Amino acid sequence: MKNVAVTIPNLIQGVSQQPDAQRDPSQGEIQVNAVSSIAEGLRKRDSTRTLAKVSASPFGDAFFHTILRDQQEEYIAVITNSVIKVFDLDGNELTVTADSGAYNYLSTVTNATQQIRAVTIADFTFITNTLKATGMDPSLAPKTPRPKPHECLIWIKQAVYGNEYKVNINGTEATVQTPVAAVVTSGSTVTENRISSEEIAQNLITGLAGASGVNLTQSGSVIWAQSDNPITVSATDAKANATITAILSEVQAFVELPTIAPVGYQVEITGDPGTNFDNYYVEFEPRSGTFGEGAWAETVSPGVEYKPDPSTWPHVLIRKTDGNFWFGAVNGQTVPNIPNDVPSWGERVAGDYDTAPDPSFIGYPINDIFIYKNRLGFLADENVVLSRVREFFEFFPETVTTVLDTDPIDVIASNNRVSVLRYAVPYQDELILFSSQIQFRFNASETVLSPATAQITVLTQFDVDVNVRPQQAGGGIFFMQSNGQWSQMREFAVRGAGPAVTADPADLTRYVSSYIPDACYNTT
């Protein structure tokens, strides 16, 4: 073969595995420790610089997380299934104090790079074990047990002349008859009659003194009956029961409740009898004492689980004011040098299993943890769950009587194929969700992200190597694919807005499809 002279203007086109006849002259077959630059041509790759040596021996199976608190404070957290170590950039190891039993949360981890996720917000680093299913504490509402297991209220709503008030408790009946008028004239005799709802209540208690095993207490126009045994009660009047009512555990409308009741007394507001989704529960809070005037406040239904089980939810690594760290469950305990104590996961404060259901991640491991639109977010199975706005520990609504824009968001990525969500990457003004085969777009159908406007739509359907976390860089998101022998890289870019949005996962390795070995586990 005779020699052929070819002019190669530069070597800035990188590497290609195409046949020689198709390869551009400025491309090479292999490139080691070199960088192609349009401005500088082919130059030596920038070297790395050792900042400090933090250990004389390998860490073993560990997940590495960078904590960028601010420009002055940066740390490297080394997380294993039995210990967490934190180093500053000078190589100094900081003290990590672990709460009792805290490492039990990570004990099931066998592959830290794949089974641990972390995200940092200021002094808090949230750490989740993707093998640990979240759960609720088995404790049932109410928090404070009632003084007696059976109780009811009898409310004299109005004192009316010419009326008959009748109350029957467990077969013992009392009747109060009011005068026919305020002033009664009989011949030359004029009688003035004054009545009050408080006096009627007192007379009824006197008549019910024979009710066995029932304690009767009065405050104003309300009688509070308590017993260790079930109570059978009826309250009637001669005005179609418009002036007296007995309240056990439910009423249809809020206006049917008195402004006097015992502390902690709970009532269900049933609303429309045709649906269970407008029911809510209220609890009485007296202004003072244990039985008196006050107000009704929304509360959680008796008999439902209301507390998260913090041992199964993500744990936190907190930077303390002395510069060291603390690791443990989010359980509200007091720890020295942590201002305002360790937070606690928010409880169910209103409603029941229908009106304020458990977050959909309950019962599932959390696959990823992220921050989006000032909310803390979890991915679990096919669900995306975000906390209340600016309240990262609250995953239950404040009220069930209305839906607030600040309430938690809980949506599912619906598709005709099972799409277990693995990663969430904030991108521009949206959130890109990755499953093993499908990429979703999570955003708001309107300007403000709220439970009413949150939506998930399918963008593209490409296989994803779920062992490698997608990374945002520049104007795109880079993710890996694997064919079992070699790895490929794609750059995911979203263009347009609203219904006109398009996504283009460009194949960056189409010319070098057999260049990157399989078994990648991280991109930086």
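Residues numbered from 1 in each chain as written. Predicted model: local features only at pLDDT ≥ 70, side-chain atom pairs only at ≥ 80, totals over all residues. Heavy atoms only, no water.

Participant: Please set out the pattern of salt bridges residue by residue, giving values where relevant.
Facilitator: Tallied over the entire structure, the rule returns 15 salt bridges. Note that Asp46 is salt-bridged to Arg43, the shortest N-O span being 2.9 Å. The exposure class of Arg43 is partly exposed, given its relative accessible area of 25%. Note that Arg348 and Asp358 form a salt bridge whose closest N and O atoms lie 2.5 Å from each other. Here Asp358 lies in the loop between β25 (325-328) and β26 (368-372) and Arg348 lies in the loop between β25 and β26, a separation of 10 residues in the sequence. Residue Arg348 is classed as buried on the basis of its relative accessible area of 1%. One network of salt bridges, with partners in common, ties together Arg69, Glu73, Asp123 and Arg319. (Salt bridge = Lys/Arg side-chain N within 4 Å of Asp/Glu carboxyl O. Buried < 20%, exposed > 50% of the residue type's maximum accessible area, 1.4 Å probe, protein only. Helix = DSSP H or I, 4+ residues; strand = E, 2+ residues; numbered from the N terminus.)

Participant: Could you give me a rundown of helix α2 (residues 197-207), with the residues and numbers involved?
Facilitator: All buried positions along α2 are accounted for by Ser197, Ile200, Ala201, Leu204 and Ile205. Buried residues of α2, seen end-on, are gathered within an arc of 140° and therefore sit on one face of the element. On its buried side, α2 packs onto β10 (150-156), β11 (164-169), β12 (172-177), β15 (214-219), β16 (222-227) and β18 (244-247). (Arc of directions from axis to C-beta. Contact = heavy atoms within 4.5 Å.)

Participant: Could you give an account of the packing of aromatic side chains, naming the residues involved and the relevant values?
Facilitator: What the rule picks out here adds up to 22 aromatic pairs. Summarising the aromatic geometry, the rings of Trp313 and Trp345 are spaced 5.2 Å apart at their centres and angled 45° between planes, so their arrangement reads as tilted. Of this pair, Trp313 sits in the loop between β23 (291-299) and β24 (315-319) while Trp345 sits in the loop between β25 and β26, placing them 32 residues apart in sequence. Note on Trp313: relative accessible area 0%, which makes it buried. Accessibility expressed as a relative area gives 4% for Trp345, which makes it buried. With a centroid separation of 5.0 Å and 80° between ring planes, the pair formed by Trp313 and Phe361 is classed as edge-to-face. One end of the pair, Trp313, is in the loop between β23 and β24; the other, Phe361, is in the loop between β25 and β26, with 48 residues separating them in the sequence. Residue Phe361 is classed as buried on the basis of its relative accessible area, which comes to 0%. (Phe/Tyr/Trp six-rings, centres within 6.5 Å; stacked < 30°, edge-to-face > 60°.)

Participant: How would you explain the environment of Asp354 if you had to name every residue and give the values?
Facilitator: Within the secondary structure layout, Asp354 lies in the loop between β25 and β26. Along the sequence, Asp354 and Asp518 sit 164 residues apart, while their C-alpha atoms lie 47 Å from each other.

Participant: Lay out the sheet that holds strand β32 (residues 439-444) in plain terms, naming residues and giving numbers.
Facilitator: On the basis of which strands lie adjacent, the open sheet formed by 4 strands has the order β30-β31-β32-β33 and antiparallel pairing. Here the strands that pair on one side only, and so sit at the sheet edges, are β30 (423-427) and β33 (454-460). Adjacent strand axes in the sheet meet at a mean angle of 30°, parallel and antiparallel pairs treated alike. Both β32 and β33 contribute to a ladder of 6 bridges, which runs antiparallel. Looking across to β33, one finds that Arg441 is bridged to Thr457. (Pairing = 2+ DSSP bridges. Axes fitted to C-alpha atoms, helices over the stretch in contact; angles between N-to-C directions.)

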